[in-house]
Every structure is written in structure tokens, then in C-alpha cells.
Amino acid sequence: MADTDDILTVRGLKAYYQMAYFGIEREVRAVDDVTLSIRRNEIYGIAGESSSGKTSLIKVLAAAIRPPLKVVDGSLTYRFGDLEIDPYKARKEEVDAIRWKHLSYIMQGSMSVLNPVRRIKHSFTDFALRPMGVPKNIFWERTKAHLERLNLSPDVLNAYPHELSGGMRQRVTIALATVCQPEFIIADEPTTALDVVVQKDVLAMIRNVQQQMGSSVVFVTHDMSVHANMADRIGIVYAGRLVEEGPTRTLFTAPKHPYTAHLVGSLPRIGDTSAKSALEGRPPNLADPPPGCRFHPRCPLAIEKCKTEVPPLATVGESHRSACWRADDVRPLTTISHRAEAVL
């Protein structure tokens, strides 16, 4: 039974890339049996190294998938007020009706959204005018007021994307994604390719928007220090599966999965000259994943059971789950807790 405070409930979700070329069928298990819930008015971070399945997962959550990616099992249910909807069981018209008004997406890279040959204002009318459902004069009043709340000049509406800096374009993209005040926002690595000063401003902007509107935000990045500053809870994804989930401080100071311990242990700290241990090997091929725990070929704690049996995502503490047969044996790497305190 879903908690009434949950805006999104995901159960046993499986989404695979299914391809057939020259008579050979191939299936890549990018999202494999993911179960999670996201609460109202929280920032939920999704972390993991490249090719772990983060982007595929949020595309499924955003109902923005295209072949060959297909949902093959499981369910996801959004609750927007009295409206309850599974975008993969609802009609297209019903799904289109929730986009931008209830469910919004901040894409990776502003130029994925902004048309390079049209002024910024046209992007706002293309994306937000219809969902907002008001006359044009009121639409522009609300849009300009929204820009000013986000410390953006309404003059940016008359600019072309190439006339703005990368940081300014990303701010405009965030404003575009939030102008209709959606209840659920997905942010796909919104600070990629930005310098640290601009990155800080963009992160502060997202946090302020979330607090002003009381929206839920799914924030995706491989940068654990960003999660430490942004997320209320974090889900760790490895090889298409959710391997650990818990409150941010708990995951940083007392991880219960060896993969999480290594992610947190990779954080740099000023003045720390100690040697850092790296994970051996590489992420598995999701077209032919290893049996049992998918992390076992790289895991320093692996035992025979890890090679044959899939560990369940079990409760190991308050709001804390881990998929590890040896969760009780996981210890923070050297100086993890000190690094965590430095960024939390």
C-alpha cells in the first residue's frame, strides 16, 4: 500500500533495450526490478557511475522513452492531488495533460531544449502556454514575474540562446521547466559542463525553486558532493539496479553497500594526501550481466553466495535499504566520515 505522502510509487520496474539486427536478438537490462517511492516536497538524488542506468531510469519515470527502450514489467504511479496515473497504462491524451503542468523535466544541456534559431520567448510559448491554460497577456505576466523571482531579467525572453552564457542558458532552462509550477521535477545532471561558481548558483536556484513551490525533485548526477548539498535522500544505482537507498547523511556516514562506500570514499578533501583506493574492474555488460549480485566481480566483500543469489533490497535502518548479503560487514573507507562532514 502506498504512503499518502508519496507522489511517486515505483514497483518492480523493468525497462530493457530490445533490439534485433540481422536475425540476432539482443536485450540490454538498463532498468531491472527497481522499487522506490518519492515523497512530496523532497529532493531525491539518484547516483551512480556512468553506464549505471541513471538516465534510462529517469527517462522511464518521465514517460519519455522511445524504442528500442521498452517497459517490460512493473508499474509506476503518480499522485497529483486527486489524480492518480500510471503513464504506461493511461491514454496518450491523459499523459500529455500532466506534462509541464504536473510533471516537468530539466534536461542535461540547455541546447537540448532551446531552439538555437528562435528567441527564448518562443520556447516558453511552445512548452508552457498550453499547459498553463491562460490568455497570452496573463501568460506573459506570470512568465516575467517567475523570471524575476529567479533573479533573471525578463529581457532574456528576446535573446537567442547563443547570446547567453552556458550558465545563463541553464538558468533559463530551469525557469522554463518550472514556470507552470509543476509538482514533480526531474533534473538530469543540470550542472554538467558548468564551472564550480556557476554550478553553485544553479544548484541554489533549483533548491530555492523547490522550496518556493513545494515540489518534489529527482536530481540525477554522478557527483556525490552535489548530492551531499542537495538531496534529502539518495538512491544508489549500479548496473540497472537500486543497490542502496537512504537519508543523505546516513549514506555518507554509515553506508551499507560496498559500492556506496567507494562512491563516498572518492570525494576529495582539502589537505587530505592519503592514497585513495580505486574499484577494480568495470561495470558489467547489461546485455549479459553476471549472476547473483551484479557488483560481486568488483566487490572486496564478495562471498560464494553473492555469485549465485540476488540480494533483496532489505531494510537495514530507518528509511534505509541495502541490497547486500554482507550489509552488516560494510564499513566506511578511511576518512569517509570526515569527508562527509566536510560537505554535508
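Report on the accompanying structure. For clarity, every value in this text was computed on a predicted model and none was experimentally measured.

Scoring rules and cut-offs
Residues numbered from 1 in each chain as written. Predicted model: local features only at pLDDT ≥ 70, side-chain atom pairs only at ≥ 80, totals over all residues. Heavy atoms only, no water. Axes fitted to C-alpha atoms, helices over the stretch in contact; angles between N-to-C directions. Helix = DSSP H or I, 4+ residues; strand = E, 2+ residues; numbered from the N terminus. Parallel < 35°, antiparallel > 145°, perpendicular 65-115°, else oblique. Left-handed = near helix turned anticlockwise from the far one by under 90°. Contact = heavy atoms within 4.5 Å. Nonpolar A, V, L, I, M, F, W, Y, C, P; charged D, E, K, R; others polar. Salt bridge = Lys/Arg side-chain N within 4 Å of Asp/Glu carboxyl O. Buried < 20%, exposed > 50% of the residue type's maximum accessible area, 1.4 Å probe, protein only.

Now for the packing of helix H5 (residues 166–178) against helix H6 (residues 196–213). Angle between the axes and distance between the axes are the two parameters that describe a pair of packed helices. In the contact formed by H5 and H6, the axes pass within 10 Å of each other and the chain directions differ by 15°. With respect to their mutual orientation, H5 and H6 come out roughly parallel. For the crossing formed where H5 meets H6, the hand is right-handed. Facing H5, whose interface residues are Gly 167, Gln 170, Arg 171, Ile 174, Ala 175 and Thr 178, H6 presents Val 198, Asp 201, Val 202, Met 205, Ile 206, Val 209 and Met 213. Among the residues making up the contact of H5 with H6, the classes are represented as 8 nonpolar, 3 polar and 2 charged.

This brings us to the pattern of salt bridges. Applying the stated criterion to the full structure yields 15 salt bridges. The partner of Arg 233 in a salt bridge is Glu 42, and the shortest N-O contact between them spans 2.7 Å. Here Arg 233 is found in strand S9 (residues 233–238), whereas its partner Glu 42 is found in the loop between strand S2 (24–39) and strand S3 (43–47), with 191 residues between them in sequence. Taking the relative accessible area as the measure of exposure, Glu 42 reaches 4% and is therefore buried. Between Glu 304 and Lys 307 there is a salt bridge, with its nearest N and O atoms 3.9 Å apart. Highlighted residues: Glu 304 and Lys 307, both in helix H10 (residues 304–308), separated by 3 residues, approximately one helical turn. For Glu 304, a relative accessible area of 57% corresponds to the exposed category. In this structure Lys 307 comes out as partly exposed when scored by relative accessible area, which is 37%. One continuous salt-bridge network, built from bridges that share partners, spans Glu 42, Arg 233, Glu 245 and Arg 321.

In contact at an axis separation of 11 Å, helix H3 (residues 120–132) and helix H4 (residues 136–149) are set at 115° when each is read in the N-to-C sense. As the angle between them shows, H3 and H4 are arranged roughly perpendicular. Crossing handedness for the pair H3 and H4: right-handed. Contact residues: Lys 121, Phe 124, Thr 125, Ala 128, Leu 129 and Met 132 in H3; Lys 136, Phe 139, Trp 140, Arg 142, Thr 143 and Leu 147 in H4.

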